Amino acid sequence: FGAYGREVAMHLIRCSPVPLGRTLKLLIFDQNADEARKRFELAEPAAAAMASIEFVNASLAPGSPDWKRVVEEKLAGAGLLLGAVLALGDDNTCLYAALEMRSLLDRIGGYQVPVYVRLERYRQLGELVLGTENLAGFHDRLQIFGTLDETLSAEVLLGSKLDTFARALHEDYRRQLQGRNEPQRDVAWDVLPEHLKMPARWRADHLPLLMELAGLHLVRDVRSPAGLPPGQAEIELLAQLEHRRYAIERRLIQDAQAESRAASVEAWDQLSEGQHNLNRQEAARLPQVVAGLG
């Protein structure tokens, strides 16, 4: 659970891929779990309030007795699993460990649970293995991420798709400011300071997941007609999911900057009805925004 593992954990905490009213649970396996926990709590003091995090002392090296003695027992008793992520540093070790994890999940009935394996250099070797791991009716059982060709791609370095989405969200926000006499907030994207662009990018990055959680399936790179407005149930759910995401983001930023807890974002049920309606209106416009982007 080094720097890469910590970033993966924080990304999961920020996007919180669980239903409203549920808490994301992270099981973290490390050979030195106590030390990993102390480093994580020191670096991210607010994380424990945003998710349930358990550190488990175990080696995930291929052939380790901990696979049967510790890891399988923990995962079998964990309830619904959304996925397993392995980032062990060495590509060969990580790929072998991913195959062992795939076998373990299949033994406990988790055929549909995806395994994400970080390979830095040997993507082609990983893709060769991927072809042997699909079962009829179950897809994406083993997925590769973090390779150099992926992280150094023009799309990641320049962020063109993400910025296009973030810009569209920002321009939608500006349109809603018209007639409200708030010139300090009505600023074009191209002259917006970088620290104010980042929240829009975070929102754009997580919105596809939130829309899926609200029952709105996105199909990318298609010619869309005008977006159809979602139903009231989807609007309500999406508004609350987006507010939860924003509250988590602000809490993590405030703790990192040692800001006052008094400045934390209020929970949904503590907001006024006027604030609820602003969130709902923003959620109702999202299909129109994404349709405009294809």
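Residues numbered from 1 in each chain as written. Predicted model: local features only at pLDDT ≥ 70, side-chain atom pairs only at ≥ 80, totals over all residues. Heavy atoms only, no water.

Draft legend 1. Spatial organisation of the overall build of the chain. Secondary structure summary: the chain contains twelve helices and five strands in total. Of all 294 residues assigned to the chain, the portion counted as buried reaches 39%. Of all intrachain contacts in the chain linking residues separated by at least 6 positions in sequence, the fraction that spans at least 24 positions is 69%. When the accessible surface of the chain is split by element, carbon and sulfur atoms take 53% of a total near 16700 Å². (Helix = DSSP H or I, 4+ residues; strand = E, 2+ residues; numbered from the N terminus. Buried < 20%, exposed > 50% of the residue type's maximum accessible area, 1.4 Å probe, protein only. Contact = heavy atoms within 4.5 Å. Areas by Shrake-Rupley, 256 points an atom, 1.4 Å probe, with all protein chains shown as cover.)

Draft legend 2. The arrangement of the packing of helix H9 (residues 160–177) against helix H12 (residues 273–292) in detail. As a packed pair, H9 and H12 sit with axes 10 Å apart at the nearest point and diverge in direction by 130°. When the axis of H9 is compared with that of H12, the two are oblique. Every pair of crossing elements has a handedness; the one defined by H9 and H12 is right-handed. Of the residues in H12, those in contact with Phe165, Ala168, Leu169, Asp172 and Gln176 of H9 are Arg285, Leu286, Val289 and Val290. Considered class by class, the residues forming the contact of H9 with H12 number six nonpolar, one polar and two charged. (Axes fitted to C-alpha atoms, helices over the stretch in contact; angles between N-to-C directions. Parallel < 35°, antiparallel > 145°, perpendicular 65-115°, else oblique. Left-handed = near helix turned anticlockwise from the far one by under 90°. Nonpolar A, V, L, I, M, F, W, Y, C, P; charged D, E, K, R; others polar.)

Draft legend 3. Region of the structure containing the side chain of Ser16. As for its placement among the helices and strands, Ser16 is situated in the loop between helix H1 (3–15) and strand S1 (25–30). Under the relative-accessibility criterion, Ser16 is labelled buried at 5%.

Draft legend 4. Local environment of the pairing of strand S4 (residues 115–118). Pairing of strand S3 (residues 84–86) with S4, which is carried by three bridges, proceeds in the parallel orientation. For Val85, the partnering residue across the bridge sits in S4 and is Tyr116. Once you follow S3 into helix H5 (residues 91–107) and on to S4, the crossover reads as right-handed. The pairing of S4 with strand S5 (residues 142–145) spans four bridges and is classified as parallel. Each residue of the ladder has a partner; that of Val115, found in S5, is Leu142. (Pairing = 2+ DSSP bridges. Right-handed = clockwise from strand over helix to strand, strands pointing away.)

Draft legend 5. Region of interest: the layout of surface pockets. Put simply, the second largest pocket is a space of about 1100 Å³. Lining of the second largest pocket is provided by 27 residues; of these, Tyr173, Arg185, Arg203, Tyr246 and Glu282 occupy positions nearest its centre. (1 Å grid on protein atoms, 1.4 Å probe; cavity = no way out; pocket = protein on both sides within 12 Å on 5 of 7 lines; lining within 4 Å. Points joined across faces, edges and corners; volume = space filled by probe spheres on them.)

Draft legend 6. Highlighting the sheet that holds S4. With parallel pairing, three strands are arranged side by side in an open sheet as S3-S4-S5. A single partner strand is all that each edge strand has here, and the edge strands are S3 and S5. Within the sheet, the average angular offset between the axes of one strand and its neighbour, ignoring direction, is 20°. Against the sheet, H5 contacts S3, S4 and S5, and its axis sits at roughly 170° relative to S4.

Draft legend 7. Focus on the packing of aromatic side chains. Taken as a whole, this structure holds four aromatic pairs when the rule is applied. Arranged with centres 6.0 Å apart and planes meeting at 45°, the rings of Tyr4 and Phe145 form a pair that is tilted. Here Tyr4, found in helix H1, pairs with Phe145, found in strand S5; they are 141 residues apart in sequence, far enough to count as distant. Owing to a relative accessible area of 17%, Phe145 belongs among the buried residues under this scheme. Look at Phe40 and Phe55: their rings are 6.1 Å apart centre to centre, the planes differ by 55°, and that puts the pair in the tilted class. With Phe40 in helix H2 (residues 33–43) and Phe55 in strand S2 (residues 52–57), this residue pair connects regions lying 15 residues apart in the sequence. On the accessibility criterion, Phe40 (2% relative accessible area) is buried. The exposure class assigned to Phe55 is buried, which follows from its relative accessible area of 17%. In this structure an aromatic cluster arises from ring pairing among Phe1, Phe40 and Phe55. (Phe/Tyr/Trp six-rings, centres within 6.5 Å; stacked < 30°, edge-to-face > 60°.)

Draft legend 8. Spatial organisation of the environment of Arg22. By the secondary structure assignment, Arg22 is in the loop between H1 and S1. Overall, Arg22 belongs to the exposed group, its relative accessible area being 58%. Taking C-alpha positions, Arg22 is 9.5 Å from Ala51, a pair spaced 29 residues apart along the chain.

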